[in-house]
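# Summary of the model geometry
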Amino acid sequence: MGTETQPHILCEDVVRIFKGEGIEVQALQGLNLRVMPGEMTAVVGASGSGKSTLLTILSGLDRPTAGRAQVAGVDLLGLGRKDRARYQRQTVGFVWQQTPRNLLPYLTAAENVALPMAISRRKEQQTRVNELLELAGVGHCKDRRPQEMSGGEQQRVALAVALSNSPAVILADEPTGELDEHTSADVLGAMRTVNEELGTTTLIVTHDPTVSEHVKRTVQIRDGRCSTETLRRTGLNNDGDEHLIAEEFAVIDRVGRLQLPQDFMQTLEMKDRVRLGLEPDHVRVTPASSDASPDGSTDALSEASSKASSDAEETR
Ligand SMILES: Nc1ncnc2c1ncn2[C@@H]1O[C@H](COP(=O)(O)OP(=O)(O)OP(=O)(O)O)[C@@H](O)[C@H]1O
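Quick caveat, the model's predicted, so the values are computed rather than measured.

## Here we look at a negative patch on the surface
Residues Asp180, Glu181, Asp186 and Glu213 make up a contiguous surface patch of negative charge. Mapping Asp180 onto the fold places it in the loop between strand 7 (169-173) and helix 7 (181-198).

## With respect to the packing of aromatic side chains
For the structure on display, the rule yields 1 aromatic pair. Aromatic side chains Phe94 and Trp96 sit 5.2 Å apart centroid to centroid with 15° between the ring planes, which places their arrangement in the stacked category. In this pair, the class of Phe94 matches that of Trp96, namely buried. Its end group placed over the ring of Trp96, Arg101 keeps NZ or CZ at 3.7 Å from the ring centre.

## Quick notes on the sheet that holds strand 3 (residues 40-44)
Pairing between sheet strands relies on hydrogen bonds along the backbone, with the strands arranged either parallel or antiparallel. Strand order in the open sheet formed by 7 strands is 6-7-8-3-9-10-11, with mixed pairing between adjacent strands. Edge positions in the sheet fall to strand 6 (92-95) and strand 11 (242-250), since each of these pairs with one other strand and no more. On average, adjacent strands in this sheet sit at an angle of 20° to one another, irrespective of strand direction. Inspection of the sheet shows strand 9 (residues 217-222) paired to strand 10 (residues 225-236) by 6 bridges, in the antiparallel sense. Its bridge partner being in strand 10, Ile221 is matched across the sheet by Cys226. Taken strand by strand, helix 2 (residues 81-91) contacts strand 6 and strand 7, and its axis lies near 70° from that of strand 6.

## A few points about the site of the ligand
Taken together, Phe18, Val25, Ala27, Ala46, Ser47, Gly48, Ser49, Gly50, Lys51, Ser52, Thr53 and His207 make up the full set of residues adjacent to the ligand. A distance of 3.0 Å separates an oxygen atom of the ligand from a polar atom in the backbone of Gly50. For the shell around the ligand, the elements supplying multiple residues, two or more each, are strand 2 (23-35) and helix 1 (51-58). Take the shell around the ligand: its biggest share by element is 3 residues, from helix 1. For the shell around the ligand, the residue count by class is 4 nonpolar, 7 polar and 1 charged.

## Notes on the environment of Leu54
Summarising the element assignment, Leu54 is placed in helix 1. In this structure Leu54 comes out as buried when scored by relative accessible area, which is 1%. Sequence separation between Leu54 and Leu31 is 23 residues; the distance between their C-alpha atoms is 8.8 Å. Not counting the four nearest positions on each side in its chain, Leu54 is found in contact with Cys11, Leu28, Leu31, Leu33 and Ile221.

About the cut-offs
- Residues numbered from 1 in each chain as written.
- Predicted model: local features only at pLDDT ≥ 70, side-chain atom pairs only at ≥ 80, totals over all residues.
- Heavy atoms only, no water.
- Patch = residues over 30% accessible without salt bridge, like charges linked within 9 Å, V, L, I, M, F, W, Y side chains within 5 Å.
- Areas by Shrake-Rupley, 256 points an atom, 1.4 Å probe, with all protein chains shown as cover.
- Salt bridge = Lys/Arg side-chain N within 4 Å of Asp/Glu carboxyl O.
- Lys, Arg positive; Asp, Glu negative; His and termini not counted.
- Charge placed at Lys NZ, Arg CZ, Asp CG, Glu CD.
- Helix = DSSP H or I, 4+ residues; strand = E, 2+ residues; numbered from the N terminus.
- Phe/Tyr/Trp six-rings, centres within 6.5 Å; stacked < 30°, edge-to-face > 60°.
- Buried < 20%, exposed > 50% of the residue type's maximum accessible area, 1.4 Å probe, protein only.
- Lys NZ or Arg CZ within 6 Å of the ring centre and 35° of its normal.
- Pairing = 2+ DSSP bridges.
- Axes fitted to C-alpha atoms, helices over the stretch in contact; angles between N-to-C directions.
- Contact = heavy atoms within 4.5 Å.
- Near = heavy atom within 4 Å.
- Polar contact = N/O pair within 3.5 Å; in protein donor to acceptor, adjacent residues only side chain to side chain.
- Nonpolar A, V, L, I, M, F, W, Y, C, P; charged D, E, K, R; others polar.

Shown next, in the form of structure tokens:
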């Protein structure tokens, strides 16, 4: 298989448990995620769902308790100190929520972008610095220091800095967390331009609901796992006009586990166990308390499932 078909971000059954003072928090509970090269994906989820934990692992600052995590072919579990520094300098670029974490206050925008290239002993290329600032829409800020720029401009310069060593992947943690809606749209728009022009794989962790207007794929984390995904594409309506189609999917992992939405479970009072039935083109999930008798004798549901197993037998 060629490397181009490999995901740029691969998480398989990633678990992260924090232990302290007699309590154990399972921040990630077997999270699975694949992001292909060139994709721009947002990870959203309620507070405490595990978004930051995931990003900290992907950025090489923390290790999973169990599972597999790879970025651009780099195995994050087996990274030594030297390799980790190289990974953080060359393989991934970061945009953090807090500007001081992104930019040095006493350097101009151009100097901030040039710095990672200099540290990597990459020949400093003034043209590249200018190109990246232009691409991020902040060419006019080139000679300004962070305090002479707006919050949105600072984040767009941070994006140019993140790109300076041509990383395979950009990881952004709440990049619009401290911005108003209009400025957020500018920053997300710049991230989309970069993704389209340079093809850099981009993962944005955010609370920002407007992110959905800028990405084709949104992954929702719930209780430390990817639970649903929304994919967006443009389609044509009956009049031939283009419109946006958004479809929500439940995420199913390699061994067939999926999370049912909480509201479905509450509405149908599903808990502890459910009945599954294989239909020709779908799987039926019914509350254990419905229809069928508990001994699973001759009712419609057990007939359907025994038919499903005999169908499965035939195809073996
Ligand atoms: N270092 C830590 N020690 C103990 N528990 C932690 C630690 N880091 C995170 N947690 C716990 O892990 C869970 C997931 O936290 P995480 O910060 O990843 O969530 P989040 O989705 O990023 O939340 P938010 O959107 O509020 O930042 C939470 O219950 C949190 O309290």
